[in-house]
Structure formats: structure tokens, C-alpha cells
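Observations on the three-dimensional arrangement
One-letter residues, chain by chain:
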Amino acid sequence: MDERFSDERYILTDEKAALALDVLRKRLNRQLEASLEVCVRCGICADTCHYYVANPKPEYVPAYRAEQLRKVYRGLFDPVAKIAPGWAGAAPLDQDMIEKLILSAFGSCTMCGRCVINCPMGVDTRHIIRTARAMLTAIDMTPEGLKATVNVHLQDGNNMGVSAEDYVETVEWMEEELQAELDDTSVKIPMDKKNARVMYTFNPREVKYFPYLISAAAKIFDAAGEDWTLSSENWDATNYGLFSGDDDASRIIASNLEAAANHLGVDTLVMAECGHGYRSQRWEGENWVGHRYPFNIISFTELQAQYIQEARFKLDPSVNDKRVTYHDPCNQARNGGIVEEPRYILRHVVQDFVDMVPHGAENYCCSGGGGMLSMTEFAKERIAAGKVKADQIQATGAEIVATSCHNCLDQLDEIKRHYKLKVKIQNLSELVAAAIIWEKTES
Amino acid sequence: MDSTALTGILALIGVGIGLLGLLLRINEIMRRPFKEDLSRPRGNVRRGIVYAFTLGMAPWEKESTRKHWFAYIRGILFHIGVFSAIAVFLVSPWLARLPQWLVWVGGAVTGLGALFAFAGIAVRLAGENERVLSLPDDYFSVFLTATFTAMAALVMLTGRGLTAFYIVTAVLGIYVPFSKIRHCVYFFYSKFFFGAGFGRRGVIGQPKGRFSE
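Residues numbered from 1 in each chain as written. Chains lettered and ligands numbered in written order. Predicted model: local features only at pLDDT ≥ 70, side-chain atom pairs only at ≥ 80, totals over all residues.

1. Some thoughts on the overall build of chain A
Here is the rule: Helix and strand assignments come from DSSP, with helices taken as H or I runs of at least 4 residues and strands as E runs of at least 2, each series counted from the N terminus. Note that the radius of gyration is over C-alpha atoms, with the globule rule given as 2.2 Å times the number of residues to the power 0.38. Using C-beta atoms placed from the backbone, we call a residue buried if 20 or more other C-beta atoms fall within 10 Å of its own, exposed if 12 or fewer do, and partly exposed for counts in between. Distance between backbone-placed C-beta atoms decides contact: two residues are in contact if it is within 7 Å.
Summing up its helical and strand segments, chain A has 22 helices and 8 strands in all. For chain A, the C-alpha radius of gyration of 22 Å lies close to 22 Å, the compact-globule estimate for 443 residues. Its C-alpha atoms put chain A at 85 × 45 × 35 Å along the principal axes. Across the 443 residues of chain A, 59% fall into the buried class. Contacts in chain A between residues far apart in sequence, at least 24 positions, make up 81% of those at least 6 positions apart.

Here it is, written out as C-alpha cells:
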């Protein structure tokens, strides 16, 4: 057994095996069965994966990862596998398989979907990997950091345990800072404003470590003349249930955000620059809660692009005069279709924008997705896989890497230091806020 | 009854068993719950599905098939060869009546398919990833299909070996639902879900959006 999983909770008992298999049985829908059955093991997916590109081992081929769950599936459902398991590629869910599943599903896959869009057969490896994660989570074999992140969110209402007092104080502090920066006391950060048009959310990292992003967002909303508000409760855009595979936790977290938007009676819920948060609430949330939301959901990236297109404020791109490239968060671009918006924004707020190769839906994952940053057990592999992104960045000659996701931001910052890249990592909203020509003055 | 007629009946029985097995597979997947997507579409779902089954299969549309274009084309030609071999089986009682040009074209296409099918086995054995990924069933399935295709080409081009071709057809027919070859059914499901999912999110098969410049 890998020493990283020597803890007692990683020991497979008969009860745990039965429970994990039950999860597989219950989650086996038409979509999952198609993906489990259709793979022909051609291996063409190998170099679509950043883990494999950085370290070309068969274990990092997406088909190999998915094959681990397939073996368990065949053992349960394939009649040939019951007679000749070796011939048909079946294996029991034993301790050895558990380790393989942990390493495949949690340790070396960010569920970025790059292999999915590149598979000639249409295999949804994201779906397979999330199912494997769900099975492991059901038997308490989620890596510690990821488990704790979900638990803290369920317990405290946000994934970093920010207290209500700290949150409100930070927002008030940023309001004062923004007023001072703009010399304009009319700029406000509204809290719990009923029937505002939009409600904005945060990644708790913004509140705790990057509060200047709160004022950047406020500046954009104010300059656009938006009728907006924050919620004092349930303001966290993240949902690590997406990564743990735990649909119950995912549903509770998504419901909390829905409740906040409903309580305030807003028309649109705007997801912070958080890739997985956007994907969770925009694309998965309604499926988790089992009904359609009575409001719209858009990402802050989409909204900023709309503001610029509608000329809601004037921009001076000369303030962002360095070369900028953009890293597409997988959960926004490949898994959400937000490809044109960030480029539209950057072409208006910076002087020199250059794309990475490849980019958009084909962009490589930074390796920080899939909850990987919370799973310190796999940090070494994560940084190694980040080499692909580091090379992509370096090839652009950019001095600034813009992105629209906090996990990406943190991972890019880490690989920047590790691979000694001379770049600055910034959120889109920082660049937009900086380029806004402030016209309002205190009366 | 001569041996050709007897093996022909065997082949029909084998193909019948194969089709029945595939129908049972379809029945099985249709009995699984269908996960309806409640999220509001950003793109057009139908366009995504159409793309998945048409342009999305073009070798230049995916990075993987652009990089590994030869492997992809090899696979495509292999499959064209298989379809051609199936056609040979269906017209086998009337082969003598086929026009000569069709015999040569059909024989060439089928033969090329067989060649690429056998090459597929070599690729699986030569590549480390492919070796690690491959199951005994993968080798046997490709071998059986390659043999079926090669026999069809032989029958088409020489008019000989029909008895052996029918025997191989019978074995292949029976084996299909129990082997990886059953992906011929699941392919349509997975491509449909792929097109619907990414089409809904506006990732594939969509016209340029309002922010395109």
C-alpha cells in the first residue's frame, strides 16, 4: 500500500466494498454505461492529458485511469467477465484496486475533460472518474484535504471557515479602500439588498487572501451602473462536492446559494471568477437539486464582456501595457463554453494580448483543477504536470497571465515559482478594473 | 446439402445470435435511467449532436486525430473494410452476378481494411501504452474481425474460400455481443451524449457568438 494511504480509514473492509459497489450500481445510468462500454483502448487519448505529456507513463493515459473502474464494472455486469475475468478485463474491488482507484481518480486526474473532447468514441472520462471518486468518498477514502474542504463548507457555510463577522468587516474595509482609491464616497458595496438585479458571489480565498478582488468587482459593478448586491449569508461560489463526487454534499451547497438568491429576490446570480464554482452552479447545480432555478446564472467573465459590449464604462487599455496571455479555466471554457468572452474583454482592456497554443476548449489544464490543490498528497505530481502549462506560458512571451479562476490562479502562481517564470498572475477583473476610466466624482 | 450451403446456414445462425445479443445489450442500456440535464442551454443541443456524428469525426477537428492522423485514418479504413466485408457476406450467394468493376473495388476496399486491421494488432503489440491497455479480448476481437475482412476480400477477388468465410462469419457473429466489438452499439449512445452535453454548453457545433471578433 502506498504510504500516503496507510491510515486505517483506507483499509477496505467487506462492508466498505459492498457500499462502494452499491454506489456504482445506483449511479449506473445510460450515460455512464455508454462511456464504460464504448472505449476500444486505442490509447489515442494519451497525449491529450497534461499528466501524460509531462510524464509519459501508461498509468497517466486517461483510458488507463478509466479502465480501473471499468474492471470493477465488468466484474459486476459483464457475463463473460464472470466466467473469464482475465480475458474480459475484470477485477474485484479489493485493496489493490482501491489504491489504483485513489491514484487514478484523485491522484492524477483533474476531470478537465480534455481527453473527452479528444476521444473519437466520445468516452466521458470525467463522468467515470467522478463516479470512482463518489465510490471512494462513500467509504471515507477521500484524501484528507478535499474531505476537510467539503466538511468545512457544510459546517460553516463557506469552504475556508470565514466567520460572518470577518466577511462583513472585509467587505466594509474594501468599500472604504475603494472610496479612498477613487476619491468617491458614493461608491458602495451593497449587502443584502432585496430585489437587486444581480447577486454577486465570492470564492472565500478572495475574502481571506485577495480582498482587493472584492474592490475590483465593486468598481466594475459601480462603473457599469449595475443594480447589484452581496449576500451576508451563503455567499461562497465554490462547491468541492463536484470534486469529491458526493452528490448529497453538492446538492446542499448548491441549495444554499440558491436559497440566498431566492431570499434576495434577484434576477441573476453572478458567479465569481471561480471555474469549478461556475460549473457547479451553472451546469450541475440544477441537476443536483432536482429542479430549475427561478433565476439566471452567469459568470462574472460573461457579465464583464456584456458591460464592455454595451459600453457601460470607458476603458483605457494603455494602463495595461504589458503583454498579456489568458489561461482558460477548464470548467469555464471546455466545460462551459466561455471562450470568446475573456478574449473580447482582454482585447478591450490590454494593449498586447496573445493567445496560448492551444487555447479555448483545447487549452491544457493548469493541473490545479479537480480539487487537486486541496489534496497535498499529490502535490508533487501536480507540479510536475504543470510543466505543460509553464511551457505554454513561456512560449507566449507574456508578462501577465490572466485567468478567471482561483484554483487556476493559485496553481499558476505555484508553477510560476517552481519553473521560474517571469510573469504575474492576475484575475480578469483586476485588469478590467484597472482599465476603467473613472468618471464619477463626489458631488 | 453441400458444405458451402451448410456453412452458409451456420453463418446466418451466428449472425442471428449476434444480432439478438446486441438487441439484448440495447435493451439493457435502455433500462438504465436516463440522466436528464436540467441546466439551461447555452448552445443548441441538436447542433451539438449533429456535429458529433458528422464534422466532429473529421480527422482535423480534434487535436488527437490531427496529431495521430495516420492511426485515425487506419482505424477508419479498417472499419470501412469491415462494413464492406459485411456487404460481401450479404451478397455472397450472388457474387458471380456482380459487375467486374464492383468486384475489384469491393475487393480492394475490403482487402485494405483487412491489412489495416492486422496492422492494428501489430500496433497494440508494439506500443507500450497500447500493450498495457489491451486485454486478451482486444487482440482476439481485432484478429477475428481482421480474418473476417481478409476472408471477405479473398472471396470477393477470387471467388474461393466461401466455406471458410462462412465459418469465420458464424464465429464472429456469436462472439460480437460478448466482446469489445459490441462498441458498435454503444458508439451511437456515447456520441449522442457527447454531442448533447457539449452542444448544450455551447462548446461544440455552434455558430460564432456575440463576442467573436
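2. Some details on the nonpolar core
This is how it is decided: To form a nonpolar core, buried Ala, Val, Leu, Ile, Met, Phe, Trp, Tyr and Cys residues must be joined through C-beta atoms within 7 Å.
Judged by nonpolar contacts, the single largest core of 161 residues is most densely connected at M199(A), A217(A), I220(A), M271(A) and V432(A). No other element matches the 8 residues that helix α13 (residues 212-223) of chain A contributes to this core. Sequence-distant contacts of M199(A), that is, excluding residues within four places in its chain, are made with T229(A), S231(A), A260(A), A261(A), L264(A), V266(A), L269(A) and V270(A). Counting 29 residues, the second-largest nonpolar core is a separate cluster that includes F78(B), V82(B), L162(B) and F178(B).

3. Observations concerning helix α11 (residues 164-182) of chain A
Residue and element names in this part refer to chain A. We apply this condition: Expected helix span is given by 1.5 Å per residue-to-residue step, counting one fewer step than there are residues. Arc definition: it is the arc formed by the directions from the helix axis to the C-beta atoms.
In this model, α11 (19 residues) spans 27 Å end to end at C-alpha, consistent with the 27 Å of a helix rising 1.5 Å per residue. Y167, V171, M174 and L178 are the residues of α11 that are buried. For α11, the angular spread of the buried residues around the axis is 65°, confining them to a single face. Exposed residues pointing more than 90 degrees away from the buried face of α11 are listed as E165, E169, E172 and A180. In this structure, the buried residues of α11 make contact with α12 (204-208), α13 and β2 (228-230). Note on α11: the residue one or two positions beyond its end, D183, has a positive phi of about 50°.

4. So, helix α2 (residues 30-38) of chain A
For α2(A), the tally of buried residues reaches 8 of 9 residues, placing the bulk of the element in the interior. For α2(A), the set of buried residues is Q31(A), L32(A), E33(A), A34(A), S35(A), L36(A), E37(A) and V38(A). On the buried face of α2(A), the contacting elements are α1 (14-27), α4 (62-77) and α9 (125-138) of chain A together with α1 (3-31) and α9 (183-200) of chain B.

5. Quick word on the pairing of strand β3 (residues 268-271) of chain A
Residue and element names in this part refer to chain A. Stated precisely, the cut-off is as follows: The criterion for strand pairing is that DSSP finds at least two bridges linking the strands in question. Look down the strands so they point away from you; if going from the first strand over the helix to the second traces a clockwise path, that crossover is right-handed.
Pairing of strand β1 (residues 198-200) with β3 involves 3 bridges; the strand directions are parallel. Bridge pairing in β3 links V198 to T268. When β3 meets strand β4 (residues 296-299), the two strands line up parallel, connected through 4 bridges. If you follow T268 over to β4, its bridge partner there is N296. This β-α-β element, β3 to helix α16 (residues 275-289) to β4, shows right-handed connectivity.

6. Here we look at the pairing of strand β7 (residues 400-403) of chain A
All names here are of chain A. Burial along β7 is two-sided: I400 and A402 and V401 and T403, pointing in opposite directions, are all buried. Here 3 bridges tie strand β5 (residues 323-326) to β7, and the two strands are oriented parallel to one another. Across the sheet, the residue bridging to T325 is V401, located in β7.

7. A word on the packing of α2(A) against α9(B)
Operational definition: Convention adopted: a line fitted to C-alpha atoms gives each axis, helices being fitted over their contacting stretch, and angles between N-to-C directions are expressed from 0 to 180 degrees. Each angle gets one of four labels, with under 35 degrees taken as roughly parallel, over 145 as roughly antiparallel, 65 to 115 as roughly perpendicular, and the rest as oblique. It is the rotation of the near helix from the far one that decides the hand of a crossing: anticlockwise by less than a right angle makes it left-handed, clockwise makes it right-handed. Residues are grouped as follows: Ala, Val, Leu, Ile, Met, Phe, Trp, Tyr, Cys and Pro are nonpolar; Asp, Glu, Lys and Arg are charged; every other residue, Gly included, is polar.
Following both chains from N to C, one finds α2(A) and α9(B) inclined at 130°, their axes separated by 8 Å at the closest point. Of the possible angle classes, the one that applies to α2(A) and α9(B) is oblique. Between α2(A) and α9(B) the crossing geometry is left-handed. The segment α2(A) lies against α9(B), with R30(A), Q31(A), A34(A), S35(A), E37(A) and V38(A) engaging H183(B), Y186(B), F187(B), Y189(B), S190(B) and F193(B). A breakdown of the residues in the contact of α2(A) with α9(B) according to their chemical character gives 6 nonpolar, 4 polar and 2 charged.

8. A look at the environment of R70(A)
All names here are of chain A. Residue position: R70 is located in helix α4. Sequence separation of R70 and C39 is 31 residues, and the distance between their C-alpha atoms is 9.6 Å. Among all residues touching R70, those that are not within four sequence positions of it are L36 and G89.

9. Description of the sheet that holds β2(A)
Residues and elements named next belong to chain A. If you walk across this open sheet you meet the 4 strands as β2-β1-β3-β4, and the pairing is parallel. Two strands close off the open sheet at either side, each with one partner strand: β2 and β4. The average undirected angle you get between the axes of adjacent strands in this sheet is 30°.

10. Here we look at the sheet that holds strand β6 (residues 352-353) of chain A
Backbone-to-backbone hydrogen bonds pair the strands of a sheet. The strands run either parallel or antiparallel. Residues and elements named next belong to chain A. Spatially, the 4 strands line up as an open sheet ordered β6-β5-β7-β8, and their pairing is parallel. Of all the strands in the sheet, just β6 and β8 (424-427) have a single pairing partner and so form its edges. Where β5 and β6 come together, 2 bridges link them in parallel fashion. Along β6, the bridge assignment pairs R323 with D352. Of the strands in this sheet, β7 and β8 are in contact with helix α22 (residues 428-435), which crosses β8 at around 80°.

11. Quick look at unusual backbone geometry
When glycine is set aside, most residues are seen to have a negative phi, and most peptide bonds are trans. All names here are of chain A. The residue after V357, namely P358, is reached through a cis peptide bond having omega -10°. Following the sequence through the fold, P358 ends up in the loop between β6 and α19 (379-385). With a phi close to 50°, D183 is a non-glycine residue in the positive phi region. When you line up the elements, D183 lands in the loop between α11 and β1. Using a count of 10 C-beta atoms within 10 Å as the deciding quantity, one classes D183 as exposed.

12. Details of the environment of E258(A)
Residues and elements named next belong to chain A. Take E258: it is sitting in helix α15 (residues 247-264). Under the C-beta neighbour-count criterion, E258 is labelled buried, with 21 such atoms within 10 Å. Spatially, the C-alpha atoms of E258 and E286 are 9.5 Å apart, while their sequence positions differ by 28 residues. If we skip the residues at most four places from it in the chain, E258 touches V289 and Y293.

Everything listed here is a matter of geometry and, on its own, says nothing about what the molecule does.
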